[in-house]
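Listed here are the chains, written in short residue letters.
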Amino acid sequence: MVDLEEIANAVIAGNRKKVQELVSKTLEKGLNPEEIINNGLLAGMSVIGERFKNNEIFVPEVLVAARAMQAGMDILKPLIAKNSGIIKGKVVIGTVKGDLHDIGKNLVSMMLEGAGYEVIDLGIDVPPEKFVEAIREYNPDIVGMSALLTTTMSYMKVTIDVLEKEGVRRKVKVIVGGAPVTESFAKEIGADGYAPDAPSAVDLVNQLMGLG
Ligand code: B12
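Residues numbered from 1 in each chain as written. Predicted model: local features only at pLDDT ≥ 70, side-chain atom pairs only at ≥ 80, totals over all residues. Heavy atoms only, no water.

As recorded in an unreviewed UniProt entry, the protein chain goes by Methionine synthase and comes from Dictyoglomus turgidum. UniProt annotates the protein chain under Sequence similarities (unreviewed entry) with the comment "Belongs to the methylamine corrinoid protein family." (UniProt positions renumbered as here; feature names shortened; annotations may be inferred.)

Engineer: I'd like a description of the pattern of salt bridges, backed by residues and values.
Structural biologist: Counted by the stated rule, this structure contains seven salt bridges. The residue Glu50 makes a salt bridge to Lys53 at a minimum N-O spacing of 3.3 Å. Pair noted here: Glu50 and Lys53 are both in helix α3 (residues 33–53), with a separation of three residues, about one helical turn. Residue Lys53 is classed as exposed on the basis of its relative accessible area of 52%. Residues Asp121 and Lys105 are paired through a salt bridge, measuring 2.8 Å at the closest nitrogen-oxygen approach. (Salt bridge = Lys/Arg side-chain N within 4 Å of Asp/Glu carboxyl O. Helix = DSSP H or I, 4+ residues; strand = E, 2+ residues; numbered from the N terminus. Buried < 20%, exposed > 50% of the residue type's maximum accessible area, 1.4 Å probe, protein only.)

Engineer: Break down the nonpolar core for me, citing the residues and quoting the values.
Structural biologist: By size, the foremost hydrophobic cluster in this structure holds 40 residues, and its most contacted members are Leu41, Met45, Met69 and Leu112. Elements with a minimum of two residues in this core: α1 (2–13), α2 (16–28), α3, α4 (59–82), β1 (89–95), α5 (103–114), β2 (117–121) and α9 (198–208). Take this core: its biggest share by element is seven residues, from α4. There are two domains that each give this core at least three residues, and those are domain 1 (2–82) and domain 2 (89–208). Every residue in contact with Leu41, bar those within four places of it in the chain, is listed here: Ile7, Val11, Val19, Val23, Ile36, Met69, Gly72, Met73 and Leu76. Core analysis: the next-biggest nonpolar cluster, separate from the first, contains 27 residues, Ala134, Met145, Val168 and Tyr194 among them. (Core = buried A, V, L, I, M, F, W, Y, C linked by side-chain atoms within 4.5 Å. Domains from an automatic or database assignment. Contact = heavy atoms within 4.5 Å.)

Engineer: Before we move on, can you summarise α1 with the specific residues and values?
Structural biologist: The periodicity of an α-helix, 3.6 residues per turn, causes residues three or four positions apart to be oriented the same way. Between the first and last C-alpha of α1 there are 16 Å, a value that for twelve residues agrees with the 16 Å anticipated at 1.5 Å per step. Inspection of α1 places Asp3, Leu4, Ile7, Ala8, Ala10 and Val11 among the buried residues, and these make up the whole buried set. Around the axis of α1, the buried residues are gathered within 160° of arc, so they sit on the same side. Away from the buried face of α1 by more than 90 degrees, exposed residues Val2, Glu5 and Ala13 are located. Following α1 by one or two positions, Gly14 has its phi on the positive side, about 70°. (Expected span 1.5 Å × (residues − 1). Arc of directions from axis to C-beta.)

Written as structure tokens, this is what we have:
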């Protein structure tokens, strides 16, 4: 479908205005929001993710594309929320204490939202207690933690220990990610899952929700 390909290309080019124009035009033509997200916005973003992985582009380009994608999501999000039954589950996510990196976490959040999850983003530098409070307040299915520094990775384990101590660990599935995090580290600290990038984070969450 040419329109969706054009949307993907506008995301890749980081052209917010064009993304918004094309999303509105495609909606008017009668395509549904999920189709536009999956085959337009996310298709563009996954090309960006691949190029970033292969060192063909760098952080500024990723950010510009992510913002263009967000511009499209802004139009589509209210339409998805309206369509009740489409929300597949609730995810609380945050970058752990001491860590200010949020580009990757934001991408994961956006793609989860695009895939039909409600995401409560606690932001950066999130202490374990704030994760506990959020679990009590929002009753999520999944808690996601992001860390980009080898020094802050250890807060993932600390946070899981605090969740245990406060009696909320068993209410949620805990997933972890970020450049220094590995599958074996995730196992070691007692997390339920690890994903290396945003599209696989969506697959992981679907799987943990029994939807994948
Ligand atoms: C951008 C950046 C910054 C920006 C952050 C801006 C922001 N708003 O995020 C700024 C300039 C602020 C910064 C600061 C610092 N940074 Co910095 N930064 C980076 C850089 C270049 C890119 C990170 C990034 O955004 N990548 C792009 C995203 C898309 O990838 P990602 O984060 O890995 O996320 C993906 C996956 O990991 C996964 N994922 C991420 N989170 C989650 C969560 C879940 C639940 C799941 C399932 C998956 C998942 O999905 C994402 C999408 O595909 C990296 C280098 C690198 N190559 O990683 C260094 C890097 C992480 N930084 C580093 C350092 C040292 C620092 C500083 C200490 C520098 C300093 N001396 O001040 C400070 C620390 C500040 C702090 N306390 O956090 C080091 C860390 C070294 C280490 N091993 O610990 C790195 C690796 C650079 C280096 N080679 O030295 N940094």
